[in-house]
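# Architecture and fold: a report
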4 protein chains.
Amino acid sequence: MKALRYYGARDVRYEGMDDPAPQSVRDAVVKVEACSICGSDLHIYHGHGFSEDIGFCVGHEAVGEVVEVGSGVHRLKVGDKVMIPAAVGCGSCRACLAGVVNLCEFGQGSCYGLSAKLQGSQAEAVRVPTADANAVKVPDGVSMEQALMMTDALATAWYGVRNADVAPGSSVAVIGLGPIGLMAVDSAFVMGAHVVYAIDPIPERRALAEAAGAIALHPDEALDRIRQDTKGRKLDCAVEVVGSDATVDFALRLVRPRGTVSVIGVQQSRRFPFPLERAFAAGLTFRTGTCSVPEELPALFPLVQSGRLKPEKYISHRMPLSEGAEAYRLFEAREAGALKMVLVPD
Amino acid sequence: MKALRYYGARDVRYEGMDDPAPQSVRDAVVKVEACSICGSDLHIYHGHGFSEDIGFCVGHEAVGEVVEVGSGVHRLKVGDKVMIPAAVGCGSCRACLAGVVNLCEFGQGSCYGLSAKLQGSQAEAVRVPTADANAVKVPDGVSMEQALMMTDALATAWYGVRNADVAPGSSVAVIGLGPIGLMAVDSAFVMGAHVVYAIDPIPERRALAEAAGAIALHPDEALDRIRQDTKGRKLDCAVEVVGSDATVDFALRLVRPRGTVSVIGVQQSRRFPFPLERAFAAGLTFRTGTCSVPEELPALFPLVQSGRLKPEKYISHRMPLSEGAEAYRLFEAREAGALKMVLVPD
Amino acid sequence: MKALRYYGARDVRYEGMDDPAPQSVRDAVVKVEACSICGSDLHIYHGHGFSEDIGFCVGHEAVGEVVEVGSGVHRLKVGDKVMIPAAVGCGSCRACLAGVVNLCEFGQGSCYGLSAKLQGSQAEAVRVPTADANAVKVPDGVSMEQALMMTDALATAWYGVRNADVAPGSSVAVIGLGPIGLMAVDSAFVMGAHVVYAIDPIPERRALAEAAGAIALHPDEALDRIRQDTKGRKLDCAVEVVGSDATVDFALRLVRPRGTVSVIGVQQSRRFPFPLERAFAAGLTFRTGTCSVPEELPALFPLVQSGRLKPEKYISHRMPLSEGAEAYRLFEAREAGALKMVLVPD
Amino acid sequence: MKALRYYGARDVRYEGMDDPAPQSVRDAVVKVEACSICGSDLHIYHGHGFSEDIGFCVGHEAVGEVVEVGSGVHRLKVGDKVMIPAAVGCGSCRACLAGVVNLCEFGQGSCYGLSAKLQGSQAEAVRVPTADANAVKVPDGVSMEQALMMTDALATAWYGVRNADVAPGSSVAVIGLGPIGLMAVDSAFVMGAHVVYAIDPIPERRALAEAAGAIALHPDEALDRIRQDTKGRKLDCAVEVVGSDATVDFALRLVRPRGTVSVIGVQQSRRFPFPLERAFAAGLTFRTGTCSVPEELPALFPLVQSGRLKPEKYISHRMPLSEGAEAYRLFEAREAGALKMVLVPD
């Protein structure tokens, strides 16, 4: 089959590779109908990957059709339309049974497309290990593109907003307006936020947040404006979707006493200078982590089915998989309004 | 001053009566700028009052301006614009301190306009006992009419929806589409409902619910339609806003296993035939009661300020207080699209 | 094999019957090491069963060793020590995935020992359908007798107390002091109750509740005593463990405004006369249903391992399975201090 | 009157000073019956105070009898036995009304005994500003010494454990076994912890924790032992009660993925090196702050009345107020088993 393979920094190639095959009776193979590029794929694209492997297939967001199932697969059959959440779990351990697949006690490679151990899904087909746990049938009323958005981006956004203790009537900041940040804006409104401050230096992204009902601000003006609007009280909740020390620190400045900061940007800082004295005086809650997609689906499916959430509106490009390298380039450069990049096998 | 006074079934008169005066240093007097008629006022209007008194002033929803405060009032001053929540509390007992004024351990007459003990507020002025606890300054960005809607109707609607365990992604039924039911529809969406079934026999009211985004149904068709839409699973939550055995029973039929029924219609049944066997098999939660207005305001104020909730849209009539008798007549008859009736002292 | 079989009211016989065998590749067979009699087994024993079948094996509480697994069973192997929760689920539907096995959308016979469709476990061996979902490995530090207590009784007690909204500092009533009621007393203390009123007419049972730290009362004196102790305020929470209209009504009289009543006694009333007017005035929550054992285990396992819960202390009898008929007789008559009756295959 | 006054590092003197008097009609004066020394008093004692003032009266934990009330005080009268929570609030702002007195929007001096602005309560008498909000009647069944323990220490411990998301069945670490840490151990058990690891280098303090049911460990052995006991999984919750970077870092090492760390030790670090990458991978919650005493009392009063919590058992010394300087010396040196030091006006 053809797939996008990693060969080094900014070197992703559309090439042939072996067709995927089940490695156990519990695996399935899914023919990919569409896949997409995630902000965290840029870590790999920049050569700061999570393994030393070369030539592995990248990507961890995909939907498609089941074309092969092992004898130990009970909940799926050939022909089923499925979405493939980004992280895999064993389906049997305490974490998986609690729905927290991303913290599976046995790891299982954790995420597609990080190494040769668990090949990615920016390909014509992909092996899904322990498929009963790791592929989810797309329900009626959810389009394949919507399901694709839920394999990682929308679920992460939703989880990040939940983690910020957003409740009906809350005031919320979202820092960083890539696709996940924009979906976080929408999620905050669905959870009842009365106001969302959406913060990003890029005007085009702010315009999208504004269209979603947010007050969109450049980072340089955000703190003053929020102080003024709230008469110094600041906000109930802040969601950080960038993954830098500066933005985490900024989030901690935006919340009121007893407020909550939720950090979902990928964090690589080992010694973030946390303002502990101030946080102690203010009684803050600070929460960080990655989502488990299956845990979020019972709320997300009906919200997407009913049209309250429309994650597909943040798809900026639909391109053939064969043009994957160009898609990566555009996405990294944020050219042409690049937001969510969908790739379709040719 | 002039006021609406009760003289028997369907006999409410606009007449002079003594000006209100403080009875303790903790009381205040408020000049009424607007008051409104509540569905529960009809109980009195029908002569099924809560006392034997004659000639007392009716009404428990009002906003206005503070014109007199006792020396023991600390949080209000003459000239403050205030809303007067329907139920009064002592402000000092365990329930009041917990914000649950309507369950005040010392009762204090509990609600305006039920007897001569605590005169109502459909008048040119009203005494507010223990004013620090029982009058609330109208914050910037909330109009007096919006504040009026929050003295009872919106707070009750919001509480009823909260009590139904509505969460982001829930499916909800609202039974009864008077002003409180309609506000419950809006509240359910703000809390994240993905769908609201709004049920009432009156087509005009269903049209308003539809405009608010609900699927509006006649009671006769509701159960079948809900079963069909949910493939037999039924709904997560139901809110009963009528106050009859039949509608409570109906609510209990609409929810799925482990669902919740919230009953906020005024209930007078002493032996409601509860389907206990079925509720046990399904694992239902059943919750009923009246709200404490102050408890709901921290969420409601910002939602109204930001325009996410617009309770004033359910005001159908604005009439002079002197035409109060006619307003009651229209409201009871549901004539002329009567919904929320606002009365303004002449 | 030998088993206890039902032949009519008060006619349970220890007899031979066919050995159990898997009906699908996902089933397992468990050699029973111990089983027990549940209060709800008396419904069948009294001839008010849930089917017309004759000769089926009774019982739904058992522990033992896996002796056979189908090829589709992944989480169990021959030799594993397991507990078998009372209700079975498909393991794949929305309810089962959420851990609420007892509300499985496909029913699957729901509970062992009610008919010939799903033979009971008061036997030398038992078939466990979809064993990955319906048998649970007994973890280190939990004895087989403790595990047996968790297949139904302790899980039900714990769920019932949770459903009563018991929180640290709560005051709680438990009505009915059979094994589940006594375990509810213990559960309430673990959840932080500051006082538990344990109510039952039988002095021996009250003595056990007292030994567990409760204030034990005869039903005739309970209401007065509780009113007096709480200066009329009454209790935060009440748990009904009997299953009669009278005790449910009694529970509703014991709780304070905004209190919660949880009903876990098996309810067969179709028109329970619910005091709706009073419940509305007081703002009560009323919750009923049966537990899903797997849902409760993450909390219960460590509490039993650490000795904070010792459900085995309520085992009054350990008898050979061959004397099952006599065990039923003693249990029904509440003779010889009969509480939890454990039967061990000969 | 006589009082303990601050004159510099390790220089607290028992001396005469002006009798306290109301500064507004809402103030009261309380004759102190007993007061106590808090770990945070050592900050002042060490000369790292919160003001430049000299000669002010120290201390923020006291109980006594009301001897004077202003005309604007409604809930207290002369002769009432009261406890005086450590932090004062205005009683009228949004935070105070929500029960979060320590985050009062108007500050009001925040805590007794930090400066001349709000004199401390290690004295024969103390002024209580806005007494309705800032003094609490001691209820029946709570001794004055128990009430004294609740003015800060027990309330802080309880809040810290709540903030760690301790639930029935949780595993918990408490780091630091001064009086608050020991009360946190007790609190964790009341909230349903199945195991508490109590960590401190001082053997006498570990012995007290062991007597309370904890597994007491020296810091050097704690991580290995916890890893071993939990098979590498680590704990659900950790409570830090020391106030150093090292112990906060340690707490973050003790919890499992999706666990919670609660920090209640007084924190003065402005750039604590937070292990953000690890916290992100593990999905941790980190919560810090100080308690609002009134917020915790509804749960604490009944737990103390019923004997489930016995905070007075951690009183190591009862000394005359005139020996306050010696009490401070012993407490700082941790001599003679010094834990909670109670001072009684002579």
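Residues numbered from 1 in each chain as written. Chains lettered and ligands numbered in written order. Predicted model: local features only at pLDDT ≥ 70, side-chain atom pairs only at ≥ 80, totals over all residues. Heavy atoms only, no water.

As annotated in an unreviewed UniProt entry, chain A is Alcohol dehydrogenase from Novosphingobium arvoryzae. Comment text from UniProt for chain A, heading Cofactor (unreviewed entry), reads "Zn(2+)". As its UniProt record puts it under Sequence similarities (unreviewed entry), chain A is described as follows: "Belongs to the zinc-containing alcohol dehydrogenase family." (UniProt positions renumbered as here; feature names shortened; annotations may be inferred.)

### Some details on the interface of chain B and chain C
Taken together, the contact between chain B and chain C spans 40 residues of the former and 40 residues of the latter. For the chain B and chain C pair, buried surface summed over both sides reaches about 3,300 Å², with 57% attributable to carbon and sulfur atoms. The largest share of the area that chain B buries against chain C comes from Arg258, Leu276 and Phe280 of chain B, three residues that together contribute 25% of it. Taken together, chain B and chain C are joined by four salt bridges. In this structure, Arg258 of chain B and Glu295 of chain C form a salt bridge, with 3.0 Å as the shortest nitrogen-oxygen distance. At the surface where chain B touches chain C, the tally comes to 15 residue pairs in polar contact (both at pLDDT 80 or more). Going through the elements one at a time, strand S12 (255-263), strand S13 (272-274), helix H10 (276-282) and strand S14 (285-288) of chain B are the ones with two or more residues in the side of chain B that touches chain C. Among the elements that make up the side of chain B that touches chain C, the one with the highest residue count is H10 of chain B (six residues). The residue inventory of the side of chain B that touches chain C, partitioned by class, reads 20 nonpolar, 11 polar and nine charged. In terms of strand pairing, S13 of chain B meets strand S13 (residues 272-274) of chain C through three bridges, oriented antiparallel. What sits directly across from Pro273 of chain B, in S13 of chain C, is Pro273 of chain C. (Contact = heavy atoms within 4.5 Å. Buried area = accessible area lost by both parts, 1.4 Å probe. Salt bridge = Lys/Arg side-chain N within 4 Å of Asp/Glu carboxyl O. Polar contact = N/O pair within 3.5 Å; in protein donor to acceptor, adjacent residues only side chain to side chain. Helix = DSSP H or I, 4+ residues; strand = E, 2+ residues; numbered from the N terminus. Nonpolar A, V, L, I, M, F, W, Y, C, P; charged D, E, K, R; others polar. Pairing = 2+ DSSP bridges.)

### Considering the confidence of the model for chain A
Looking at chain A, the pLDDT average stands at 94 and 99% of residues meet or exceed 70. Per the prediction output, this complex has pTM 0.96; the corresponding ipTM is 0.95. (pLDDT = per-residue confidence, 0-100.)

### Observations concerning the relation of the copies chain A and chain D
The operation relating chain A to chain D is a screw motion whose rotation component is 180°, with 0.0 Å of axial translation and a residual RMSD of 0.0 Å. The symmetry that links the two subunits is that of a two-fold axis. With an isologous cut-off of 70% or more, the 100% of interface residues of chain A that recur at the interface of chain D puts this contact in the isologous class. (Least-squares fit on C-alpha atoms with pLDDT ≥ 70 in both.)

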